[in-house]
Amino acid sequence: MGCDRNCGLIAGAVIGALMAVFGGILMPVGDMLIEKTVKKEAVLEEGTIAFKSWVKTGTEVYRQVWIFDVQNPEEVAVNSSKIKVKQRGPYTYRVRYLAKENITQDSETHTVSFLQPNGAIFEPSLSVGTENDTFTVLNLAVAAVPHLYPSPFVQIIVNIFIKKSNSSMFQKRTLKELLWGYKDPFLSLIPYLVPTTVGVFYPYHNTADGVYKVFNGKDDISKVAIIDTYKGKKHLSYWPSYCDMINGTDGASFPPFIEKTRVLQFFSSDICRSFYAVFGAEINLKGIPVYRFILPSLAFASPLQNPDNHCFCTEKIISKNCTLYGVLDIGKCKDGKPVYISLPHFLHASPEIAEPVEGLSPNEEEHSTYLDVEPITGFTLQFAKRLQINILVKPGKSIGALKGLKQNYMVPILWLNETGTIGDEKAEMFRNQVTGKIELLGLVEMILISVGAVMFTAFMISYCACRLKSVK
């Protein structure tokens, strides 16, 4: 009887030990299984989860726009006063809703090329007004003249057409005109061939971004979705050859198995440059653990602080020998126009830049850019890209509309928040297909190890107690 009992206790201990060992073995095996599955489904080819989401995003993406309405245009133009602005918005458009086109796989280079059609649908229910709302804003064409035509003689000639069209430093435009384009009266009078349509996002509708060529990850999953070449905007070639403008992905996804120490790089074609984001925090997004990566202030730092930005300092006087920070010159990307980008309300910018403008309230929470990335798959499940578009205005002695200015102005035109969040239905599907299975496997591993360890310990204690009792 005692022998049978001892044998039973030993058998129980052995079973517990085996369960613990099996759980320990299952852990690396499970990890290998997860890794194999993710690598397979993250490849950009027909039939994978990644490809389906990549061709046409299942997430609704919105572009919110706030316009800086100038309150004192005459005072500025005549007396060179501070510009008083009032932020109006948001005005919301749905974007990125069109599927990629001309998708072509190259089996030799393991890349896939495509075009991304552009489109924007106004969303009245998510906006404070209509596309016919009117604003007092900078005259984009007039402001560009000193930059495009630095010769005083040419400026005198151009000024004739500016005066004839009754154009001034500021103008009234509807939201639709300002964003998507309008026929400029002064440019329309110039007798030789020049583009006459002006708009912050013009041209946009019925255009396509690309051709992009990205790695499909078939041979190396660590390169999946990373841009190989981009031939969308010929003026990219205007940048110096040592400026490596294209790095990373388009931001919709990244190579899988992301660690907190990784720096995520993503390319934005509308501003012709790559940005990067660093780990900020772990958050829970609709039951899915994600890593939040944020755009650091160093991304807009001066070249002295961040040498990567030396390409965006194109002159020495206004930038005070490239020591000012917070704005980047993207004029070479905009056909020479004096366009600068910054964070909204000049967040993290030199005080001198915002000093001539009243009505700004920079706020880290509202004006910073971030991406929420699921670390195992590398999919971006939520993001907010926030940027401000500014025009540099110089005094122009030969231009009547600008001759009253006594200083340079970095005039904010608008700021935008392009944002998207995975929908509830997609989030549930993601939990079921990805995170749920991973969590279940991890739970099984821990249960086997824990129960096995408890069983082994309990049976061994019982066995020892039984043996001690038998000896007595």
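Scroll up to find the structure.
Residues numbered from 1 in each chain as written. Predicted model: local features only at pLDDT ≥ 70, side-chain atom pairs only at ≥ 80, totals over all residues. Heavy atoms only, no water.

**Student:** How do you make sense of the overall build of the chain when you look at a structure like this?
**Tutor:** Within the chain, the regular secondary structure consists of 10 helices and 20 strands. Buried residues in the chain amount to 48% of all 472 residues. Of the contacts made within the chain by residues no fewer than 6 positions apart, 65% connect residues no fewer than 24 positions apart. Working note: accessible area of the chain is about 23,500 Å², and carbon and sulfur atoms make up 58% of it. (Helix = DSSP H or I, 4+ residues; strand = E, 2+ residues; numbered from the N terminus. Buried < 20%, exposed > 50% of the residue type's maximum accessible area, 1.4 Å probe, protein only. Contact = heavy atoms within 4.5 Å. Areas by Shrake-Rupley, 256 points an atom, 1.4 Å probe, with all protein chains shown as cover.)

**Student:** Just to check I follow, could you spell out the pattern of salt bridges for this structure?
**Tutor:** Working definition: two side chains of opposite charge can pair if their charged atoms are close together. A full pass over the atoms with the stated rule returns 10 salt bridges. In this structure, the salt-bridge partner of Glu418 is Arg63, at a minimum N-O distance of 2.8 Å. Residue Glu418 is located in strand S20 (residues 409-421), and its partner Arg63 is located in strand S1 (residues 61-70); the two are separated by 355 residues in the primary sequence. In this pair, the class of Glu418 matches that of Arg63, namely buried. Residue Asp69 is joined to Arg88 by a salt bridge in which the shortest nitrogen-to-oxygen separation is 3.2 Å. With Asp69 in strand S1 and Arg88 in strand S2 (residues 83-95), this pair connects stretches of sequence that are 19 residues apart. The exposure class of Asp69 is buried, given its relative accessible area of 11%. Each of Arg63, Arg96 and Glu418 takes part in salt bridges that share partners, so that together they form one network. (Salt bridge = Lys/Arg side-chain N within 4 Å of Asp/Glu carboxyl O.)

**Student:** Is there a simple way to explain the nonpolar core in this structure?
**Tutor:** Most often, soluble globular proteins have nonpolar side chains that are buried together. Membership of the largest hydrophobic core comes to 90 residues, with the highest contact counts inside it found for Phe186 and Val393. The greatest single-element share of this core, amounting to 7 residues, is contributed by S20. If you look at the next biggest cluster of nonpolar residues, it comprises 26 residues, including Ile221, Tyr230, Leu285 and Ala427. (Core = buried A, V, L, I, M, F, W, Y, C linked by side-chain atoms within 4.5 Å.)

**Student:** What should I look at first to understand the packing of aromatic side chains in this one?
**Tutor:** For any two aromatic rings, the description comes down to two numbers: the centre-to-centre distance and the angle of the planes. Applying the stated criterion across every chain yields a total of 13 aromatic pairs. When the ring of Tyr93 is compared with that of Trp180, the centres are 5.2 Å apart and the planes differ by 80 degrees; the resulting orientation is edge-to-face. Taken together, the residues span a long stretch of sequence, with Tyr93 in strand S2 and Trp180 in helix H6 (residues 175-180) at a distance of 87 residues. The pair Tyr93 / Trp180 is uniform in exposure class, with both members buried. Ring geometry for Trp180 versus Tyr204: centroids 5.4 Å apart, planes at 40 degrees, classification tilted. Taken together, the residues span a long stretch of sequence, with Trp180 in helix H6 and Tyr204 in the loop between strand S9 (197-198) and strand S10 (208-215) at a distance of 24 residues. Like Trp180, the residue Tyr204 is buried in the burial classification. By way of ring pairs, the aromatic residues Tyr93, Phe122, Trp180, Phe201 and Tyr204 are connected into one cluster. Over the aromatic face of Phe201 sits the side chain of Arg63, whose NZ or CZ is 4.8 Å from the ring centroid. When the ring centre of Phe114 is taken as reference, the NZ or CZ atom of Lys100 above it lies at 5.3 Å. (Phe/Tyr/Trp six-rings, centres within 6.5 Å; stacked < 30°, edge-to-face > 60°. Lys NZ or Arg CZ within 6 Å of the ring centre and 35° of its normal.)

**Student:** I keep staring at a nonpolar patch on the surface and nothing clicks. Help me out?
**Tutor:** A cluster of nonpolar side chains, contributed by Phe153, Ile156, Ile157 and Ile160, occupies part of the molecular surface with about 400 Å² of accessible area. Residue classification places Ile160 among the partly exposed residues on the basis of a relative accessible area of 47%. (Patch = residues over 30% accessible without salt bridge, like charges linked within 9 Å, V, L, I, M, F, W, Y side chains within 5 Å.)

**Student:** Please explain helix H4 (residues 140-148) as it appears in this structure.
**Tutor:** Residues three or four positions apart in an α-helix share a direction because the helix packs 3.6 residues into each turn. For H4, the tally of buried residues reaches 7 of 9 residues, placing the bulk of the element in the interior. Buried residues of H4: Leu140, Ala141, Val142, Ala143, Ala144, Val145 and Pro146, and no others.

**Student:** Can you walk me through the environment of Asp220 in this structure?
**Tutor:** The residue Asp220 is located in the loop between S10 and strand S11 (227-230) in this model. Each C-alpha atom, one on Asp220 and one on Pro255, is 9.6 Å from the other, the two residues being 35 residues apart in sequence. Here Ser222 takes part through its side chain, which lies 2.6 Å from a polar atom of the side chain of Asp220. (Polar contact = N/O pair within 3.5 Å; in protein donor to acceptor, adjacent residues only side chain to side chain.)

**Student:** Help me understand helix H5 (residues 152-164), please; the structure alone is not making it clear to me.
**Tutor:** With 13 residues, H5 should reach 18 Å at 1.5 Å per residue; the first-to-last C-alpha distance of 19 Å fits that figure. Those residues of H5 that fall on the buried side of the exposure criterion are Gln155, Val158, Asn159, Phe161 and Ile162. Those residues of H5 that are buried lie in contact with H4 and helix H7 (185-189). Asn166 occupies a position one or two residues after H5 and carries a positive phi of about 60 degrees. (Expected span 1.5 Å × (residues − 1).)

**Student:** Mind showing me how you'd approach the pairing of strand S12 (residues 264-268) here?
**Tutor:** In the case of a regular strand, side chains alternate between the two sheet surfaces. A large share of S12 lies buried, amounting to 4 of its 5 residues. Across 5 bridges, the pairing between S12 and strand S13 (residues 273-285) is antiparallel. From the neighbouring strand, Phe267 faces S13, where its bridge partner is Ser274. Here S12 hands over to S13 after 4 residues, with Cys272 in that stretch at a positive phi of 55 degrees. (Pairing = 2+ DSSP bridges.)

**Student:** Quick question: what am I supposed to make of the sheet that holds S11 here?
**Tutor:** The strands making up a sheet are joined through hydrogen bonds of the backbone, oriented either antiparallel or parallel. If you walk across this open sheet you meet the 4 strands as S3-S4-S10-S11, and the pairing is antiparallel. Strands at the two margins of the open sheet, each flanked by one partner only, are strand S3 (101-106) and S11. Taken over all neighbouring pairs, the strand axes of this sheet differ in orientation by 20 degrees on average, direction set aside. Where strand S4 (residues 111-117) and S10 come together, 6 bridges link them in antiparallel fashion. Bridge assignment links Pro117 to a residue of S10, and that residue is Ala208. (Axes fitted to C-alpha atoms, helices over the stretch in contact; angles between N-to-C directions.)

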